[in-house]
Amino acid sequence: MTGGAGGTGAGRSPSPSAFARAAAGLAVLAVLAGFVGLGLWQVQRLAWKTDLIARVEARLQAEPQPAPGPAEWPGLDRDRDEYRRVTLSGRYLPGGDTLVQAVTDRGAGFWVMTPFQAEDGWRALVNRGFVPLDRRDPADWPPPRGAATVQGLLRLSQPEGAFLRRNDPEAGRWYSRDTAAIAAAQDLGPVAPWFLDAAAGPDPQALPVGGLTVVHFRNSHLGYALTWFALAVLWLVAVAAFLRQRRRHAGG
């Protein structure tokens, strides 16, 4: 009897210690909390993105306002101010065009960034629009002479270059509209930390072609949130299945 009982006990796996059970429980809760936390973070991001899109759409429908001058520059904020409809009065400064590589619905080409002096004397850069690769000669699209008023969308400077492609001022290769770097390369002195994306002109075929700004915000946060919450549920299902299987083995 004693030998039989001892043999049966020796054939079973030893029960995990209380410490091991507690550690396993904490690990399960930590993974669950991670999935739920990431889901809640995406819900917060969804609310932020939805609000941002609503505010930008309101700006696009609003009446244009005068472009911000130097006193307002320090307080400009990308979420609050970008894509405001603004007007800028003054004159273009000829001979300082900078071509920034661009890909648009019209194909590959360049944005034409031209310096502009406001009536108050300060300077900014105006993205006059798009020119295709085979029309990069500035003689084909000189800026207007004399007094001018430009209407368009306010965009904040894009420093450092594009993804995996840094601006190379010495070689004249530009991949982003970095206002400070362009101004330094053109010896313009201080310029606004924003540029103006000019609206479309009366002649849609005239170069540069304005009004090609794409205002689109990817909003996949709801899908991401549902994915994280689904992973949390699957994690609980997997843990429950494991525990049931373990109990069956223990009962056998």
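In what follows, the structure referred to is the one given above.
Positions within a chain are numbered from 1, following the residues in the order the chain's sequence is written. Where local features are concerned, this predicted model is filtered to residues with pLDDT of at least 70; where side-chain atom pairs are given and counted, the filter is 80 or more; whole-chain, interface and lining totals use all residues. As a rule here, side-chain values cover all heavy atoms of the structure and leave hydrogens and water aside.

J.: Give a description of the packing of aromatic side chains that names residues and reports values.
T.: When the centres of two rings from Phe, Tyr and Trp lie within 6.5 Å, Trp using its six-membered ring, the rings pair. Their planes under 30 degrees apart give stacked, over 60 give edge-to-face, and anything left gives tilted. Per the stated rule, a full pass over the model turns up 5 aromatic pairs. Look at Tyr92 and Phe116: their rings are 4.9 Å apart centre to centre, the planes differ by 85°, and that puts the pair in the edge-to-face class. Of this pair, Tyr92 sits in strand 2 (residues 85-92) while Phe116 is found in strand 4 (residues 107-118), placing the two residues 24 residues apart along the sequence. Neither Tyr92 nor Phe116 differs from the other in exposure class; each is buried. Through a chain of ring-to-ring contacts, three or more aromatic side chains come together here, namely Trp73, Trp122 and Trp194. The rule is short: NZ of Lys or CZ of Arg within 6 Å of the ring centre and within 35 degrees of the ring normal puts a charge over the ring. If you follow Arg128 out to its NZ or CZ, it ends over the ring of Tyr92, 5.8 Å from the centre. Only DSSP runs of H or I with at least four residues qualify as helices, and only runs of E with at least two residues qualify as strands; both kinds are numbered from the N terminus onward. Only protein chains enter the accessibility calculation, which uses a 1.4 Å probe; a residue is then buried when its area is under 20% of its type maximum, exposed when over 50%, and partly exposed in between.

J.: Report on unusual backbone geometry, specifying residues and quantitative values.
T.: Residues apart from glycine generally show negative phi values, whereas peptide bonds are mostly found in trans. Geometrically, the link from Leu207 to Pro208 is a cis peptide bond, its omega value of -10° lying close to zero. Tracing the chain through its elements places Pro208 in the loop between strand 7 (194-198) and helix 5 (221-251). A positive phi is found at Tyr83, a non-glycine position, where the angle reads about 75°. Within the element layout of this structure, Tyr83 appears in the loop between helix 3 (78-81) and strand 2.

J.: Outline the pattern of salt bridges, supporting the account with residue identities and numerical values.
T.: Where charged atoms from two side chains of opposite charge approach closely, those side chains can pair. A side-chain nitrogen of Lys or Arg and a carboxyl oxygen of Asp or Glu constitute a salt bridge if their distance falls within 4 Å. One pass over the full model with this rule turns up 9 salt bridges. Asp81 is the salt-bridge partner of Arg80, the closest N and O atoms lying 3.3 Å from each other. Using a relative accessible area of 45% as the deciding quantity, one classes Arg80 as partly exposed. Among the charged side chains, a salt-bridge network with shared partners connects Arg78, Glu82, Arg155, Arg177 and Asp197.

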